[in-house]
Amino acid sequence: MCLSAILDAFQTIILPRRPVGRFRITKFFYILTWKPWGAIARRTRDPKVREQFYSMYGPASLLLLLAVWALLLVAGFALLFFGLRTPFADPMADASALARLRTDLYVSGTTLFTLGIGDVLPRSLVARALIVLESGTGLGFVALVIGYVPVLYNAFSHREISVALLDARAGSPPTSTELLRRHAFAGGQEALVVLLVEWERWSAEILESHISYPILCYYRSQHDNQSWLSALTAMLDSCALLISVVPGVASRQAQLTFAMARHALVDLGHVFHLEKREAAWRASGGPNRLPPENFDRVCELTQEAGLRLCGDPEAPARLTALRALYEPHAQALADYLGMSLPGWIPEPRAKDQWKTVEAV
């Protein structure tokens, strides 16, 4: 039990790659807690309350996971002491097994958290060695917790900066059509290339940080109409349009950004074992995010903004093929995390987040 908890904490916090193994404490913890949490959230009718409830899971699960590790360590060392027939001098304990187990749990808890009260004394060399080992484990555990939380917050904060910046560039929620429309100015193609380069790097950072710390996927953005998944999907939509329908200077960079963003999306789906969801979505077809009438509207909006379309009759087919490369993965993640995917055209009453913020 002790080794399982220590190994799981090492794989979750220190190991900079996706952990492997079927029997992992963290894996079972999120399976057992996320499903009921998500079920309760989906039954909530008020969208704001539902999103608030979803947003609480990430921080709360982190605290609960740390508590689970600590409890497993305390229980594991206590069972070791109990197997040694409680080698302690405890004036408050009697000879019963339950009393001895209480003493073992007490010694284990005070040792792991380095309280060092000293009211229960070990009576064997093995017990003393185990106490020293557990106290060292407790110090290391506390150090990991102190170092783990800032790393998570920094990764979350860095992720959300780009998501917030996308608000003025693509609307709230972000859409590919609005992104292209707002870059239809002199020098806009060059500015779009710079933005795509930034999101190629952002996707690579998401791939690195969220694979190492999948708990970050549960952390929601500060605003209800923003999310890292909708932003990533909107950028993939934009890249697909630039590659297949709207030719220009940014088309080559769009290919590079598309490849990296799709890579991040696919790998995150594998982290949560969403292959069956993706296969089911492909088999059923799922909801069509871009029906023919909406595609015509996309073309109208881009033309009204002064953007040149390729005019190739095969362009819609190319766009459909590109969408099939990432939409099943995005939809599976959205269903699992309780997030919504953005549309292709702006909502009629949508307003930018920065325009709706009132001065206090």
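What counts, and at which threshold
Residues numbered from 1 in each chain as written. Predicted model: local features only at pLDDT ≥ 70, side-chain atom pairs only at ≥ 80, totals over all residues. Heavy atoms only, no water. Helix = DSSP H or I, 4+ residues; strand = E, 2+ residues; numbered from the N terminus. Buried < 20%, exposed > 50% of the residue type's maximum accessible area, 1.4 Å probe, protein only. Expected span 1.5 Å × (residues − 1). Contact = heavy atoms within 4.5 Å. Axes fitted to C-alpha atoms, helices over the stretch in contact; angles between N-to-C directions. Parallel < 35°, antiparallel > 145°, perpendicular 65-115°, else oblique. Left-handed = near helix turned anticlockwise from the far one by under 90°. Nonpolar A, V, L, I, M, F, W, Y, C, P; charged D, E, K, R; others polar. Phe/Tyr/Trp six-rings, centres within 6.5 Å; stacked < 30°, edge-to-face > 60°. Patch = residues over 30% accessible without salt bridge, like charges linked within 9 Å, V, L, I, M, F, W, Y side chains within 5 Å. Areas by Shrake-Rupley, 256 points an atom, 1.4 Å probe, with all protein chains shown as cover. Salt bridge = Lys/Arg side-chain N within 4 Å of Asp/Glu carboxyl O. Lys, Arg positive; Asp, Glu negative; His and termini not counted. Charge placed at Lys NZ, Arg CZ, Asp CG, Glu CD. Disulfide = S-S within 2.5 Å.

*Asks:* What should I look at first to understand unusual backbone geometry in this one?
*Replies:* Where the residue is not glycine, phi is negative for most of them; where a peptide bond is considered, it is trans in most cases. Here the residue pair S172 and P173 is connected by a cis peptide bond, since its omega of -5 degrees sits within 30 degrees of zero. With respect to the helices, strands and loops of the structure, P173 is situated in the loop between α5 (125-170) and α6 (176-181). Its identity is not glycine, yet T86 carries a phi of approximately 50 degrees, on the positive side. Among the secondary structure elements, T86 is positioned in the loop between α3 (47-83) and β1 (88-89). Owing to a relative accessible area of 6%, T86 belongs among the buried residues under this scheme. Not every positive phi belongs to a glycine, and H273 is a case in point at roughly 55 degrees.

*Asks:* Mind showing me how you'd approach helix α2 (residues 25-42) here?
*Replies:* Each α-helix turn comprises 3.6 residues. Residues three or four places apart therefore point the same way. Look at α2: 26 Å from first C-alpha to last across 18 residues, which is about the 26 Å you get at 1.5 Å a residue. Where α2 is concerned, the buried positions are T26, F29, Y30, W34, W37, G38 and A41. Those residues of α2 that are buried lie in contact with α1 (2-14), α3 and α12 (315-337).

*Asks:* Would you mind showing me how to read the packing of α3 against helix α4 (residues 97-112) here?
*Replies:* Any two packed helices are characterised by the angle at which their axes cross and by the distance between the axes. Where α3 meets α4, the axes come as close as 8 Å, and the angle between the chain directions of the two elements is 130 degrees. Considering their axes alone, α3 and α4 lie oblique with respect to each other. Between α3 and α4 the crossing geometry is right-handed. On α4, the residues touching A70, L73, V74, A75, F77, A78, F81 and F82 of α3 are A97, R100, L101, D104, L105, V107, S108, G109 and L112. Tallied by class, the residues present in the contact of α3 with α4 amount to 13 nonpolar, two polar and two charged.

*Asks:* Help me understand the packing of aromatic side chains in this model?
*Replies:* For any pair of aromatic rings, the description consists of the separation of the ring centres together with the inter-plane angle of the planes. Applying the stated criterion across every chain yields a total of 18 aromatic pairs. Ring centres of W34 and Y54 lie 5.8 Å apart, and the angle between their planes is 35 degrees; this geometry places the pair in the tilted category. Note that W34 is positioned in helix α2 and Y54 in helix α3, a separation of 20 residues in sequence. Taken as a pair, W34 and Y54 share a single burial class, namely buried. Look at F272 and Y336: their rings are 5.1 Å apart centre to centre, the planes differ by 35 degrees, and that puts the pair in the tilted class.

*Asks:* What exactly am I supposed to notice about a positive patch on the surface here?
*Replies:* Positive charge collects at one region of the surface, where K35, R42, R43 and R277 lie side by side. Structurally, R277 is set in helix α10 (residues 275-284). You can call R277 partly exposed: its relative accessible area is 41%.

*Asks:* Help me understand the side chain of D104, please; the structure alone is not making it clear to me.
*Replies:* Structurally, the position occupied by D104 is in helix α4. The buried charged residue D104 lacks any salt bridge partner; its closest oppositely charged side chain belongs to R100, at an N-O distance of 5.3 Å. Not counting residues within four places of it along the chain, the set of residues in contact with D104 comprises A78, F81, F82, T86 and F88.

*Asks:* How do you make sense of α4 when you look at a structure like this?
*Replies:* Its 16 residues place the ends of α4 22 Å apart at the C-alpha level, agreeing with the 22 Å of an ideal helix rising 1.5 Å per residue. If you follow the buried residues of α4, they end up packed against α3, β1 and α5.

*Asks:* Can you walk me through the state of the cysteines in this structure?
*Replies:* Such a bond, covalent and formed between the sulfur atoms of two cysteines, is termed a disulfide. Throughout the structure, instances matching the rule amount to zero disulfides. In this model C217 remains outside any disulfide bridge; the closest cysteine sulfur is found in C239, 20 Å from its own. Given the relative accessible area of 0%, C217 is considered buried.

*Asks:* Teacher, can you tell me more about a nonpolar patch on the surface here?
*Replies:* Taken together, the side chains of Y106, F113, L115 and I117 make up a nonpolar region of the molecular surface, amounting to roughly 400 Å² of accessible area. Summarising the element assignment, I117 is placed in the loop between α4 and β2 (121-122). Given a relative accessible area of 52%, I117 falls into the exposed group.

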